[in-house]
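Observations on the model geometry
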Number of protein chains: 2
Amino acid sequence: MKLTTKSEYTLLALIHLARHGERGYVKIEDICEAHSIPKKYLEILFSVLRQGGYINTRRGSAGGYMLARPAAEITLAEIIRLMDGALAPTESVSKYFFSDTPLAKEKKMIAVLGEIRDYIAGRLEQLTLVDVV
Amino acid sequence: MKLTTKSEYTLLALIHLARHGERGYVKIEDICEAHSIPKKYLEILFSVLRQGGYINTRRGSAGGYMLARPAAEITLAEIIRLMDGALAPTESVSKYFFSDTPLAKEKKMIAVLGEIRDYIAGRLEQLTLVDVV
DNA sequence: CTCCTTGTCTATTGACATGATAGACAAATT
DNA sequence: AATTTGTCTATCATGTCAATAGACAAGGAG
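Observations regarding the interface of chain A and chain B
- Taken together, the contacts link 31 residues of chain A with 31 residues of chain B.
- For the pairing of chain A and chain B, the buried interface totals around 2900 Å² over both sides, and the portion due to carbon and sulfur atoms is 68%.
- At the surface where chain A touches chain B, the tally comes to 4 salt bridges.
- Run the count over chain A and chain B and you get 12 residue pairs in polar contact (both at pLDDT 80 or more).
- Of all the elements in the fold, those that place two or more residues in the side of chain A that touches chain B are α1 (5-20), α5 (107-126) and α6 (129-132) of chain A.
- Per-element accounting of the side of chain A that touches chain B gives the leading share, 10 residues, to α5 of chain A.
- For the side of chain A that touches chain B, the per-class residue count stands at 20 nonpolar, 4 polar and 7 charged.

Encoded structure:
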């Protein structure tokens, strides 16, 4: 499991959008100023969110970004997976990538790590943006 | 939290030593062959373990490596911390590094991540080498 | 219709960590 | 003395993270 500034900035920005709610589009610069995020960097992260269908955009003045789905339907797990990859501590215990890691043959290690993965995934899949706003 | 091949190779090697038990020193090459670990790379990892007091060494023929402490007293948590750093998902929820991360001001996020950290740390601190041999 | 505002795209960068390798050196056993 | 093994220093390729720059496209305001 990885949790880089990609996920962190993204979650911050999404929380910002969730707080702003239905009151129209939010300019990227407002978000960046509020949380000290480099503008050009957040643009890249937002382009991933847009392609993932999480946000709607509008250009021109009065343009900006807005949540495309209800905050209650966006889980922390999917955002982190989208930005930083699988939640498993190591590849060999990821549900979707059964590629070999050095530990792959140590069944007890795999069991331990799998258990931790299940906890992390379970917890983060329960939580949505509304829980952290 | 990070779990790279450093921790993975190290855990594998320690498990190997634990299985060999009191039956004398184990050559690094035997370990490498058994688990497909690059020899020169494992040497580096072993030097960290030695400086940490986890293994004893002996040179010359019939030399090699041996656990310096009972396997039951070596937790998975300390090995992973030694090789890959803190167990917390992100710096801002690490017990020892309260440095600022972007999420630092979002109390609910910190609570969630702290909870996950506590679970991971608790689990890995309970488990020792004998549990995974 | 034109200007201004804002998002979109392509690319490039520096810093750092990971994973690995090579070779000289030191110590202990036979 | 010869052989075996660990120890040390150094270097390397690759990839990711984090950030920045600049040209371009689209929409709204006047």
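Here the narrative resumes, following the displayed structure.
Some remarks on the protein's contact with DNA strand D
- Surveying the vicinity of DNA strand D reveals 25 residues, the closest of which are Thr5, Lys6 and Lys40 of chain A together with Lys27 and Arg50 of chain B.
- Of all atoms in DNA strand D that approach within 4 Å of the protein, 66% are sugar or phosphate atoms.
- Residue Tyr9 of chain A places a side-chain N or O atom 3.2 Å away from a phosphate oxygen belonging to DNA strand D.
- Take Lys27 of chain B: an N or O atom from its side chain is 2.8 Å from a phosphate oxygen of DNA strand D.
- Contributions of two or more residues to the surface near DNA strand D are made by α1 and α3 (39-51) of chain A together with α3 (39-51), β1 (55-58) and β2 (64-67) of chain B.

A short note on the relation of the copies chain A and chain B
- With an RMSD of 0.1 Å, the fit of chain A onto chain B corresponds to turning through 180° and sliding 0.0 Å along the axis. The superposition operator between the copies reduces to a two-fold rotation axis.
- When the interface residues of chain A are mapped onto chain B, 100% of them again fall at the interface, so both copies present the same face.

Considering the pattern of salt bridges
- Scanning all chains against the criterion turns up 14 salt bridges over all chains.
- We note a salt bridge from Arg19 of chain B to Glu106 of chain A, for which the minimum N-O separation is 2.9 Å. With Arg19 of chain B in helix α1 (residues 5-20) and Glu106 of chain A in the loop between α4 (76-84) and α5, this residue pair bridges two chains.
- For Arg19 of chain B, a relative accessible area of 41% corresponds to the partly exposed category.
- A relative accessible area of 8% means that Glu106 of chain A is categorised as buried.
- For Arg81 of chain B, the salt bridge goes to Glu125 of chain B, with nearest N and O atoms at 2.8 Å. Placement of the pair is Arg81 of chain B in helix α4 (residues 76-84) and Glu125 of chain B in helix α5 (residues 107-126), with a sequence separation of 44 residues.

Focus: the packing of α1 of chain A against α4 of chain A
Residues and elements named next belong to chain A.
- Packing of α1 against α4 leaves a shortest axis separation of 9 Å and a crossing angle of 135°. Relative to α4, the element α1 is oriented oblique. Every pair of crossing elements has a handedness; the one defined by α1 and α4 is right-handed. Facing α1, whose interface residues are Lys6, Ser7, Thr10, Leu11 and Leu14, α4 presents Leu76, Ile79, Ile80, Met83 and Asp84.
- Partitioned by chemical class, the residues of the contact of α1 with α4 number 6 nonpolar, 2 polar and 2 charged.

Parameters at a glance
Residues numbered from 1 in each chain as written. Chains lettered and ligands numbered in written order. Predicted model: local features only at pLDDT ≥ 70, side-chain atom pairs only at ≥ 80, totals over all residues. Heavy atoms only, no water. Contact = heavy atoms within 4.5 Å. Buried area = accessible area lost by both parts, 1.4 Å probe. Salt bridge = Lys/Arg side-chain N within 4 Å of Asp/Glu carboxyl O. Polar contact = N/O pair within 3.5 Å; in protein donor to acceptor, adjacent residues only side chain to side chain. Helix = DSSP H or I, 4+ residues; strand = E, 2+ residues; numbered from the N terminus. Nonpolar A, V, L, I, M, F, W, Y, C, P; charged D, E, K, R; others polar. Near = heavy atom within 4 Å. Least-squares fit on C-alpha atoms with pLDDT ≥ 70 in both. Buried < 20%, exposed > 50% of the residue type's maximum accessible area, 1.4 Å probe, protein only. Axes fitted to C-alpha atoms, helices over the stretch in contact; angles between N-to-C directions. Parallel < 35°, antiparallel > 145°, perpendicular 65-115°, else oblique. Left-handed = near helix turned anticlockwise from the far one by under 90°.

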